[in-house]
Amino acid sequence: MAPSFTSVAQAACLLLVPFVSAAPIVEAENAKQGSFAITQVKNPSFVSVDGLGPAAHLHAFLKYNVAPPKALLALNGSAINGEVPATPFPTSFDREYLSPVSIGNPPQTLDLDFDTGSSDLWVFSSETAKELVNGQKLYTPAKSVTSQALKDHTWSISYGDGSSCSGTVVHERVTLGSLTYESQAVEVANIVSSSFTQDTASSGLLGLAFSSINQVKPTAQKTWVDNMAGSLAAPVFTVDLKKGAVGSYNFGSIDSSKYTGNISYVPVNNKKGFWQVMGSGYQVGKKAFVSTQIDTIADTGTTLLLLPLAVVKAYYAEVKGATYSADYGAYVFPCTATLPDFTFGMDKYRGTIPGSFIKYGTITTSTCYGGIQDKGNMPFSIFGDILLKAQFVVFDVGNNRLGFASKKL
């Protein structure tokens, strides 16, 4: 069946060194000060529609400014006029859960997307062009006594579709949980891409990657986590995302009640500014583990698990009825199919994603879209939310390493 332009376009308007097992850095019960948890809130605009998968796949390419496969562009309407659609990420169809952040004094609380794949804290504001605002909560610098304009500084983020977000910069009080940084760079949006306008619940992004890729010019600014590292009980944060439920981010400590077994750590290569690690292989279902290097980043701002094509082919070879669809530029399968688990390796650690997590969305009533897809020309694989929801993940800023542990699902 040919793809439905209406449903897919609707959705697109939306996603080195050996390992060591180590004890937690600071356990939550021993870290009463300098640590806190942020519980996500449900995005009331989230709607599950056919075409969610292609939109999430497109999102990843545009986010990292990589040309998407032609099939994805055609699905989202660009084949009609030869142009790439101005629909990057996130959208009301692709970002189901958000996190509250307080900005200014008196505090203005905005729901933001926490993104370990970027390093900018930018928000919709009273300075955003009115035609680009669609119900988002706005930050108003004039209503805050702690807002200080950062003279001659601007920011701009470009996406793979040619669209961008840009504006001015202020230093401002920003509070996450129980901790406040008094002079955090907040990037105030004047212009936003149309997809952000479509997402009425999200008021912007809070980047949790490394400060080296912050987009403020002429002087890049530090992330909130880097600024607060000395005030945290430990310079660490953890991510505990859930499938179909609100997850949480913990800052400053590791809550031992949220994982099972030991945390296994791998060193991070942050030369490109990302939480980039080297995987040691994969396993599909009960087949033998395949040892191979998989260069990947951990990104809470990407929905899918994007891997080298050889790995993707090996996975869907074990799914009855699965096929590569030239129409969708992706692997699809009958919705009645039972998907095998997928296991990734980090040296000796093995993390498993249940097959039910990989059945991401519907294309039609009978055809489903897989949460594992080809990374294409991207320079690395991406461990997105499909994988992260099945793991407890430690982002150890102080020791420049990433930790993985199993958890109850």
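Residues numbered from 1 in each chain as written. Predicted model: local features only at pLDDT ≥ 70, side-chain atom pairs only at ≥ 80, totals over all residues. Heavy atoms only, no water.

Quick notes on the pairing of strand β23 (residues 367–370)
We apply this condition: Strand pairing is assigned whenever DSSP detects at least two bridges linking the two strands. Every helix listed is a DSSP run of H or I at least four residues long, and every strand listed is a run of E at least two residues long, numbered separately from the N terminus.
Looking at chain direction, strand β19 (residues 330–334) and β23 are connected through 3 bridges and run antiparallel. From the neighbouring strand, valine 332 faces β23, where its bridge partner is tyrosine 369. Here strand β22 (residues 359–362) pairs with β23 via 3 bridges, running antiparallel. Along β23, the bridge assignment pairs lysine 359 with glycine 370.

Digging into the environment of cysteine 368
So the rule is basically this: Burial here depends on accessible area, computed with a 1.4 Å probe over protein chains only, as a share of the maximum for the residue type. Under 20% is buried, over 50% is exposed, and the range in between is partly exposed. The contact rule is simple, with two residues in contact once any of their heavy atoms fall within 4.5 Å.
One can find cysteine 368 in strand β23. On the basis of relative accessibility, which here comes to 4%, the residue cysteine 368 falls in the buried class. Between the C-alpha atoms of cysteine 368 and alanine 337, which are 31 residues apart in sequence, the distance is 9.1 Å. Residues contacting cysteine 368, with those up to four places away along its chain left out, are Val332, Phe333, Cys335, Lys359, Gly361, Thr362 and Ile363.

Overview of the sheet that holds strand β25 (residues 381–383)
Working definition: the strands of a sheet are paired by backbone hydrogen bonds and lie parallel or antiparallel to each other. The criterion, for reference: Angles here are taken between N-to-C directions and fall from 0 to 180 degrees, while the axes themselves are lines fitted to C-alpha atoms, restricted in helices to the stretch in contact.
Reading across the sheet, the 7 strands line up as β21-β20-β15-β16-β25-β17-β24 and stay open at both edges, with mixed pairing between neighbours. With partners counted over all chains shown, the strands left at the sheet margins are β21 (349–353) and β24 (372–374), one partner each. Across the sheet, the mean angle separating the axes of adjacent strands is 40° when strand polarity is ignored. Running at roughly 140° to β24, helix α7 (residues 309–316) makes contact with β15 (276–284), β16 (290–298), β17 (305–307), β20 (342–346) and β24 of the sheet.

Re the packing of aromatic side chains
We apply this condition: Pairing of aromatic side chains here covers Phe, Tyr and the six-membered ring of Trp, requires ring centres within 6.5 Å, and sorts the geometry by plane angle: under 30 degrees stacked, over 60 edge-to-face, intermediate tilted. Geometrically, a lysine NZ or arginine CZ counts as sitting over a ring once it is within 6 Å of the ring centre and also within 35 degrees of the ring normal.
Scanning all chains against the criterion turns up 25 aromatic pairs. On the basis of an interplanar angle of 85° and a centroid distance of 5.5 Å, the ring pair of tyrosine 64 and phenylalanine 380 is categorised as edge-to-face. On the criterion of sequence distance, the pair formed by tyrosine 64 in the loop between α2 (52–63) and α3 (70–75) and phenylalanine 380 in the loop between β24 and β25 is long-range, its members being 316 residues apart. Judged by centre distance (5.7 Å) and plane angle (25°), the ring pair of tryptophan 122 and tryptophan 155 falls under stacked. With tryptophan 122 in strand β6 (residues 121–123) and tryptophan 155 in strand β7 (residues 148–158), this pair connects stretches of sequence that are 33 residues apart. Tryptophan 155 sits in the buried class, given a relative accessible area of 2%. Within the aromatic cluster, the residues linked to one another by ring pairs are Phe114, Phe210, Trp224, Phe237, Tyr249, Phe251, Trp275 and Phe395. Over the ring of phenylalanine 289 we find arginine 350, and its NZ or CZ is 3.8 Å from the ring centre.

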